[in-house]
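Spelled out, the chains give:
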Amino acid sequence: MLKKTYYITTPIYYPSDKLHVGHSYTTVAADAMARFKRLLGYDVWFLTGTDEHGLKIQRSAENAGKTPQLFVDGIVAGIKNLWAAMDISYDDFIRTTEPRHKQVVQGIFDRLYRQGDIYKGRYEGWYCTPCESFWTARQVDGGNCPDCGRPVELVAEDGYFFRMSKYADRLLEHINNNPDFIQPPSRKNEMINNFLRPGLEDLCVSRATFDWGIQVPFDGKYVIYVWLDALSNYITALGYTKDETLFHKYWPADVHLMAKEIVRFHAIYWPIFLMALDLPLPKQIFGHGWLIMKEGKMSKSKGNVVDPMVLLERYSSDSLRYYLLREISFGQDGVFSNESMLQRINTDLANDLGNLLSRTMTMMERFFDGIVPAPADGKEEKSDQELRRLALEMPSRIEKLMDELQFNSALETLWALVRRSNKYIDENAPWLLAKKEEKRERLGTVLYNLCEALRFISILLLPYMPRTPRRIWSQLGIETMEDLHKWDSLQEWGLIKPGTKAQRKADLFPRLDIKKELASLLERKTEKEKTGEKTQAPAGKPKHVSIEEFARLEVRVGEIVSAEPVPKTDKLLKLEVNLGQEKRQVVAGIALHYTPQELIGKKVLFLANLKPAKIRGLLSEGMILAATDPAGKVVLTAVDGDVPAGSKIS
Ligand code: ME8
């Protein structure tokens, strides 16, 4: 039988800096959903990735003194590393700098132009670079972006426009006829009242003042507007126009997940682009709330971001995933704090779940030598019945909540079973039963039921905490019995075979000393800020290179002959470097560490065959090699002795 498909996406994040726990939040939610649907037997496609073009990325790269491609490559390696550490089970990771994406986006632009949906015009208006969004004079709020509050820039350029207005009525009709299309409902009303009802203006879909983007295929002066480029990822990754089988298998998406600030792009621009391409619309756009800190939204520009890697160094990814999904009602804003995370770990994970398993296992060892006892036939007491009924109700209750993306309620519901199981222990007091020989059968039933309850809990936990269930199965002795791990096995109570050898092992979640943990998290954060350490750097030792690979690098002695600051930047210097036979211009991100005067006359190591790049519009042909000390200070590499400029290093 053909399996039902399920296609879920996260936004593709900007690799302008390393990601924070806000990004982890969306990705963990999408992952939990993907795992849930896989558990139910769906054929799932889960897509995430990175949105690598645009002025914002180009500027971040310039500030780091790198070419945009090198800059994003480094950050993306860190992002993949973070997702591996958080057990994100994506099926595909799309980067918008990949040829498979770029070619298809050019094809889309070309088609839209040829069919008249894109036309040439002149844009005069405001642009918010951090949000990469255009605003009209009416929308701009005292010179600031109405979305993020940062200053906007005046843009006046000839460009290509998309006929948004042509499709506005069709979109409004679609939204009204499909109440689930934009969720939660408050976001739907915002889209209708703030954007669609006042009338849609045509959208400028090209930029001419910078070049870090996908070129307009028939006009090399322009790059394609980053949101048209980015939104298309949801179809280019499925091989739109290249791999019809994959594309038709999964499109339309079941749900695009994101936070509320980018619902506008997904609920208005994206469906309209799709209508113009004659493609079906995604079934749902879900805009969840923000993780906020006490001082407001967590964002890079406010500098109040929480680095998930710092948390993952001390706590398991299952703990962090649980906290994110359980603490905040999906759709609403929620406050993130280390303290509430630690409390959740202690109460829900260590006390409720961890104790349930350790109490059960201790009693199994003490009273039955670790062998799962047989339950008494047909003698069900009230507490047994309640426990069994609650367990058997779980799958349908949780499935309903998951279909509404109510992760926190799904976990809350599951914890009702965890707590009921703990109460079941207290009600039946196995330690008292163990004192009387005639209660031995009853004692066996109680412990058997606890093992079964733990089996139910472990399967239901799989989407949210993918590692913990295996640890529970290994204690219950059912690790290799795959039939007992399946969703379908939740239809039946009593599947663990009496006689199975169970074994008590380490506590699932040791209790944390909250005060001590808070102090050490604070210390770790400050230490990292001081050293500028990048915790999302790719893990593992660097790979060896062969001598031939090394020989491909042309490193020479270069003499700096002139140096001057690059206007309107803090970090960049424009240098002229003498290589003996020729002089090269390079742009280097060292202005915070050297004055131009200090540099003139210095002999340094110089990578001469680096692919030339434009940085802030200036040609940069090569790279000065430098070391970075632990405090983040850049120190140029010097040559020991007087060697003529141009000498080759080997
Ligand atoms: O917007 N709370 O990328 P981005 C909750 N490239 N979620 C948060 C969050 C917070 N404090 N901070 C970030 C872009 N997020 C575009 C998307 S899609 C075609 C292009 C999550 O790196 C949330 O999902 O700014 C939000 O929508 C997204 O990261 C923004 O990521």
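What you are looking at is a predicted structure, and each value in this text was computed from that prediction instead of being measured.

1. Details of the site of the ligand
In the vicinity of the ligand, 25 residues are found, and the nearest of them are Ile12, Thr26, Asp51, Glu261 and Leu291. Within the contact set of the ligand, a nitrogen atom lies 2.8 Å away from a backbone nitrogen or oxygen of Ile12. Note that a nitrogen atom of the ligand is positioned 2.8 Å from one of the backbone N or O atoms of Leu291. Partitioned by chemical class, the residues of the shell around the ligand number 14 nonpolar, 8 polar and 3 charged.

2. Points about the pattern of salt bridges
Working definition: two side chains of opposite charge can pair if their charged atoms are close together. In total, this model carries 44 salt bridges according to the counting rule given. The residue Glu98 makes a salt bridge to Arg100 at a minimum N-O spacing of 3.3 Å. The closest approach of N and O atoms between Asp507 and Arg504, which form a salt bridge, is 2.9 Å. Overall, the relative accessible area of 39% leaves Asp507 in the partly exposed class. When salt bridges that share partners are traced, they join Glu327, Arg344, Asp348, Asp352 and Arg419 into one network.

3. Quick word on helix H13 (residues 338-368)
Each α-helix winds once per 3.6 residues, and so residues spaced three or four apart point in a common direction. In the structure, H13 departs most strongly from a straight axis at Asn355, where the bend amounts to approximately 40°. Asp369 occupies a position one or two residues after H13 and carries a positive phi of about 50°.

4. Structural notes on the pairing of strand S2 (residues 43-50)
Along S2, 8 of the 8 residues are buried, which leaves the element largely enclosed by surrounding structure. Across the two faces of S2 the burial is the same, with Asp43, Trp45, Leu47 and Gly49 and Val44, Phe46, Thr48 and Thr50 all buried. Pairing of strand S1 (residues 5-13) with S2, which is carried by 7 bridges, proceeds in the parallel orientation. Residue pairing in the sheet places Tyr13 in a bridge with Thr50 of S2. Between S1 and its parallel partner S2, the chain crosses via helix H1 (residues 21-39), and the hand of that crossover is right-handed.

5. Considerations on the domain arrangement of the protein chain
Under the domain assignment used here, the protein chain contains domain 1 (5-314), domain 2 (338-491) and domain 3 (544-636). Distance from the C-alpha centre of domain 2 to the C-alpha centre of domain 3: 62 Å.

6. Observations concerning the sheet that holds strand S9 (residues 206-207)
With respect to topology, 3 strands assemble into an open sheet ordered S9-S11-S10, the strand pairing being antiparallel. Each of the sheet's edge strands pairs with one partner strand only, and the pair in question is S9 and strand S10 (215-216). Taken together, the 2 bridges between S9 and strand S11 (residues 219-224) define a ladder with antiparallel strand orientation. Counted as the bridge partner of Arg207 is Val223 from S11.

7. Notes on the pairing of strand S3 (residues 92-95)
In the case of a regular strand, side chains alternate between the two sheet surfaces. Side chains Asp92 and Ile94 project from S3 onto one buried face, and the interleaved Phe93 and Arg95 project onto a second face that is buried too. Relative to S3, S2 is paired through 4 bridges, and the arrangement is parallel. In the strand pairing of S3, Leu47 is matched with Asp92.

8. Re the confidence of the model for the protein chain
Across the protein chain, the average pLDDT comes to 92, with 96% of residues at or above 70. Low pLDDT (under 50) marks residues 537-542, which in the prediction has 4 contacts with non-local residues, meaning those over four places away or in another chain.

9. Some remarks on unusual backbone geometry
Look at the link from Gln183 to Pro184: it is a cis peptide, with omega at -15°. Residue Trp251 is joined to Pro252 through a cis peptide bond whose omega torsion reads 5°. Here Pro252 is to be found in the loop between helix H9 (244-250) and strand S12 (255-259). Of note in this structure, Asp87 is not a glycine but carries a positive phi near 60°. Judged by relative accessible area, which is 16%, Asp87 ranks as buried. We note that Leu405 has phi near 55°; this positive angle belongs to a residue other than glycine. Take Leu405: it is sitting in the loop between helix H14 (382-403) and helix H15 (407-428).

10. Here we look at the sheet that holds strand S5 (residues 133-135)
Ordered by their spatial adjacency, 4 strands build an open sheet running S5-S4-S6-S8, and the pairing between neighbours is antiparallel. Sheet topology places S5 and strand S8 (203-204) at the edges, where each strand pairs with a single neighbour. When strand S4 (residues 118-128) meets S5, the two strands line up antiparallel, connected through 3 bridges. When the bridges of S5 are listed, Tyr127 appears paired with Phe134.

11. As for a nonpolar patch on the surface
A grouping of Val545, Ile547, Phe550 and Leu553 is seen on the molecular surface, where their side chains present a nonpolar patch of about 390 Å² in accessible area. Assignment of secondary structure puts Ile547 in helix H20 (residues 547-551).

12. Some points on the packing of aromatic side chains
For the coordinates displayed, the defined rule picks out 34 aromatic pairs. Centre to centre, the rings of Phe265 and Tyr269 are 5.4 Å apart; their planes meet at 80°, and the pair counts as edge-to-face. Separated by 4 residues within a single helix, Phe265 and Tyr269 lie in helix H10 (residues 263-276), roughly one turn from each other. Each member of the pair, Phe265 as well as Tyr269, is classed as buried. Each member of the aromatic cluster is reached from another via a ring pair, and the members are Tyr7, Trp45, Tyr234, Tyr240, Phe247, Tyr250, Trp251 and Trp270. Here Arg207 stacks its cationic end above the ring of Tyr127, 4.0 Å away from the centre of that ring. The ring of Trp290 carries Lys260 above its face, with NZ or CZ at 4.5 Å from the centroid.

About the thresholds
Residues numbered from 1 in each chain as written. Predicted model: local features only at pLDDT ≥ 70, side-chain atom pairs only at ≥ 80, totals over all residues. Heavy atoms only, no water. Near = heavy atom within 4 Å. Polar contact = N/O pair within 3.5 Å; in protein donor to acceptor, adjacent residues only side chain to side chain. Nonpolar A, V, L, I, M, F, W, Y, C, P; charged D, E, K, R; others polar. Salt bridge = Lys/Arg side-chain N within 4 Å of Asp/Glu carboxyl O. Buried < 20%, exposed > 50% of the residue type's maximum accessible area, 1.4 Å probe, protein only. Bend = angle between axes of the 7 residues up to and from the residue. Helix = DSSP H or I, 4+ residues; strand = E, 2+ residues; numbered from the N terminus. Pairing = 2+ DSSP bridges. Right-handed = clockwise from strand over helix to strand, strands pointing away. Domains from an automatic or database assignment. pLDDT = per-residue confidence, 0-100. Contact = heavy atoms within 4.5 Å. Patch = residues over 30% accessible without salt bridge, like charges linked within 9 Å, V, L, I, M, F, W, Y side chains within 5 Å. Areas by Shrake-Rupley, 256 points an atom, 1.4 Å probe, with all protein chains shown as cover. Phe/Tyr/Trp six-rings, centres within 6.5 Å; stacked < 30°, edge-to-face > 60°. Lys NZ or Arg CZ within 6 Å of the ring centre and 35° of its normal.

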